[in-house]
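# Commentary on secondary and tertiary structure
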Amino acid sequence: MIVNSISGKKNEALKFRGSALNVCAAVESNILLNKGITDICGFVIPQAIMANNEDEAFERVFKSGLYFLFTFVSPFLLIPLMNKYFLKSNNIVKNFSGQQQKILEISKKYLTKDAEYFKEGLTKTAKRLFNDENKFNETVNNFKNPEKLRKSLIDTHTKIHCADLLVTNLMVASIPWLGNAFTKYRTNRSGYSGTYKLADEEFTQKSAQKHDKSKHLRQIATLALACLPALTLPPLIKKGMLAPNTQNKILKWFNKNADKFDYKDAIYMSRLTGLVMWLTSDYFPYQLASRDKYEYRDCLIRGTSIGLVFWGGDLFLKKTLSKLSDKIFKTKLTNPQTNEPYRLSDLKLKFNELAKLDEKTFNKTRNAGVALYILNLLMVSATLGFGLPFMLNNLLRKSVNKDKKKTNHSLDFNFINNSEVFKDFYTKNGRKIL
């Protein structure tokens, strides 16, 4: 009876650890979901707690909720529709009752050379997805020339990429403007919401006057910036994939790195596409939508800090922690062939170098991988979620108080100049004696 109880608890613990690995691996491999979770747990909740007032907290949560909706929920609903539309319009797949539409999950690297390399990619993708290398024969047989199918797929990928970038960028770029408008509607106040308890309406309105003059120009700039990636990036990738022997350095780079723009499950953006999207629809638009100099400084410092951590700093931190774990706890989180840490999705299965590990070391490595992923998130939350807002709040408070003193001093001086009490301190020609 005791043995069965212990065995049952052990199995439950193994199931829990396996579930934790599956969840963390799914989040890590989906760049937009990963950023969404990191935003909410690492930035949004802590920064809402650290907000200067409830209006700023409400605004930050509102904007982050829209970001998660537009970058994760929206693609989940819209991209499958785009996939079907462009596959059908390019006559690649006509019947969507089967699984032929998954042909879009072939990596772009197999579209960069010739028909033979393309066919190799088709069989490998079918084997990976269905354990049947002939799964896409139905689609292939509809094209007498495999090269024509390759070019049709390139065109389809390009159209989907362009449509997704355009729709997502426009939605995300609207977030800071929508958030500002919603706060204005809720509070009937002008200026940066972070200053609302630090100064009165007259002060915040005056601070926003300079930025209000260029508001429409900045909105046009936001719109242009949001549209730019859709008009440039997909066509460049397409030209690169169609020119395997090009001498053009730019097209050559896109040919060699086409797979860096693969969509996960043909739905979610890659890290590189996500970075382009973030820069043009998030980082710069937030600065353009700033309501005064205080908010502009906050957006610049906060956005740069968060961007550095998420678009490279997290990878550096993971690599450092993985090597430290391997050294201290004798785990095998670092791939000896590439000297890079394994992804959590790699740790779900034993393959290549991982296959050589004994069961005890492999399980310890998987547990360490999950623990370090959570530790990474906690470190980000502590530094950027709490530490950064603490510093920015102090900076904002000092700046506003300093400007309020200047304003009060100016008002006092004007009162003296205009007062009848001090009229005798002027000479007849209007010049001051004192």
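What comes next concerns the included structure. (Residues numbered from 1 in each chain as written. Predicted model: local features only at pLDDT ≥ 70, side-chain atom pairs only at ≥ 80, totals over all residues. Heavy atoms only, no water.)

## Here we look at the packing of aromatic side chains
Here a ring pair, both rings aromatic, is described through the centre-centre distance and the interplanar angle of the planes. Throughout the structure, instances matching the rule amount to 14 aromatic pairs. Where phenylalanine 72 meets tyrosine 268, the ring centres are 5.4 Å apart and the plane angle is 10°; that geometry is what we call stacked. Placement of phenylalanine 72 in helix α3 (residues 54-89) and of tyrosine 268 in the loop between α10 (249-256) and α11 (271-288) is noted, with a sequence separation of 196 residues between them. For tyrosine 268, a relative accessible area of 6% corresponds to the buried category. What links up through ring pairs into an aromatic cluster is the set Trp278, Tyr283, Phe284 and Trp311. Between lysine 135 and the ring centre of phenylalanine 130, over which it is positioned, the NZ or CZ distance is 5.4 Å. Arginine 186 extends its terminal NZ or CZ atom over the ring of phenylalanine 58, reaching a point 4.3 Å from the ring centre. (Phe/Tyr/Trp six-rings, centres within 6.5 Å; stacked < 30°, edge-to-face > 60°. Helix = DSSP H or I, 4+ residues; strand = E, 2+ residues; numbered from the N terminus. Buried < 20%, exposed > 50% of the residue type's maximum accessible area, 1.4 Å probe, protein only. Lys NZ or Arg CZ within 6 Å of the ring centre and 35° of its normal.)

## Details of empty space enclosed by the protein
What the rule picks out here adds up to three cavities of 30 Å³ or more. Roughly 540 Å³ of internal volume is contained in the largest cavity. Lining of the largest cavity is provided by 28 residues; of these, Arg60, Asp282, Tyr286, Arg302 and Ile306 occupy positions nearest its centre. Secondary-structure elements contributing two or more residues to the lining of the largest cavity are α2 (31-49), α3, α11 and α12 (293-329). Counted by class, the lining of the largest cavity contains 11 nonpolar, seven polar and 10 charged residues. (1 Å grid on protein atoms, 1.4 Å probe; cavity = no way out; pocket = protein on both sides within 12 Å on 5 of 7 lines; lining within 4 Å. Points joined across faces, edges and corners; volume = space filled by probe spheres on them. Nonpolar A, V, L, I, M, F, W, Y, C, P; charged D, E, K, R; others polar.)

## With respect to the pattern of salt bridges
Evaluated as defined, the whole model comprises 18 salt bridges. Glutamate 56 is the salt-bridge partner of arginine 60, the closest N and O atoms lying 3.1 Å from each other. Residue arginine 60 and its partner glutamate 56 are both found in helix α3; the two are separated by four residues, about one turn of the helix. The two residues arginine 60 and glutamate 56 agree in class, both being buried. Where lysine 159 meets aspartate 155, a salt bridge forms, and the shortest distance between an N and an O atom there is 3.1 Å. Of this pair, lysine 159 and aspartate 155 both sit in helix α6 (residues 146-173), four residues apart, roughly one helical turn. We classify lysine 159 as partly exposed; its relative accessible area is 32%. A network of salt bridges, in which partner residues are shared, links Glu56, Arg60, Asp298 and Arg302. (Salt bridge = Lys/Arg side-chain N within 4 Å of Asp/Glu carboxyl O.)

## Observations regarding the environment of leucine 272
Along the polypeptide, leucine 272 turns up in helix α11. Along the backbone, leucine 272 and tryptophan 311 are 39 residues apart, and their C-alpha atoms lie at a distance of 9.0 Å. Those residues in contact with leucine 272 that sit more than four places away from it in its chain are Trp253, Lys260 and Phe261. (Contact = heavy atoms within 4.5 Å.)

## Quick word on the environment of asparagine 376
Inspection of the secondary structure assignment puts asparagine 376 in helix α14 (residues 359-418). When its relative accessible area of 11% is taken as the criterion, asparagine 376 is described as buried. Along the backbone, asparagine 376 and leucine 315 are 61 residues apart, and their C-alpha atoms lie at a distance of 9.8 Å. In contact with asparagine 376, not counting residues within four places along its chain, are Asp314, Leu317 and Lys318.

## Quick word on the packing of helix α9 (residues 215-241) against α10
In the contact formed by α9 and α10, the axes pass within 7 Å of each other and the chain directions differ by 85°. Between α9 and α10, the crossing angle belongs to the class labelled roughly perpendicular. Only Ile250, Leu251, Phe254 and Asn255 of α10 make contact with α9, whose side of the interface consists of Leu233, Leu236, Ile237, Lys239, Gly240 and Met241. Here the contact of α9 with α10 is composed, by residue class, of seven nonpolar, two polar and one charged. (Axes fitted to C-alpha atoms, helices over the stretch in contact; angles between N-to-C directions. Parallel < 35°, antiparallel > 145°, perpendicular 65-115°, else oblique.)

## Some words on the side chain of arginine 291
By the element assignment, arginine 291 lies in the loop between α11 and α12. Within polar-contact distance, the side chain of arginine 291 engages the side chain of asparagine 180 at 3.4 Å. (Polar contact = N/O pair within 3.5 Å; in protein donor to acceptor, adjacent residues only side chain to side chain.)

## Considering a nonpolar patch on the surface
On the surface, a nonpolar cluster with roughly 690 Å² of combined accessible area is contributed by Phe76, Leu77, Leu78, Leu81, Leu166, Val167, Leu170 and Leu223. Within the residue set of the nonpolar patch, elements represented by two or more residues are α3 and α6. Looking at which element gives the most residues to the nonpolar patch, the answer is α3, with four residues. Here leucine 78 lies in helix α3. (Patch = residues over 30% accessible without salt bridge, like charges linked within 9 Å, V, L, I, M, F, W, Y side chains within 5 Å. Areas by Shrake-Rupley, 256 points an atom, 1.4 Å probe, with all protein chains shown as cover.)

## Thoughts on α11
Counted at 1.5 Å a residue, the expected span for α11 with its 18 residues is 26 Å, and the 24 Å between its end C-alpha atoms agrees. The largest bend in α11 is about 40°, located at tryptophan 278. (Expected span 1.5 Å × (residues − 1). Bend = angle between axes of the 7 residues up to and from the residue.)

## Describing the side chain of glutamate 105
Relative to the helices and strands, glutamate 105 is located in the loop between α3 and α4 (115-130). With relative accessibility at 13%, the residue glutamate 105 sits in the buried group.

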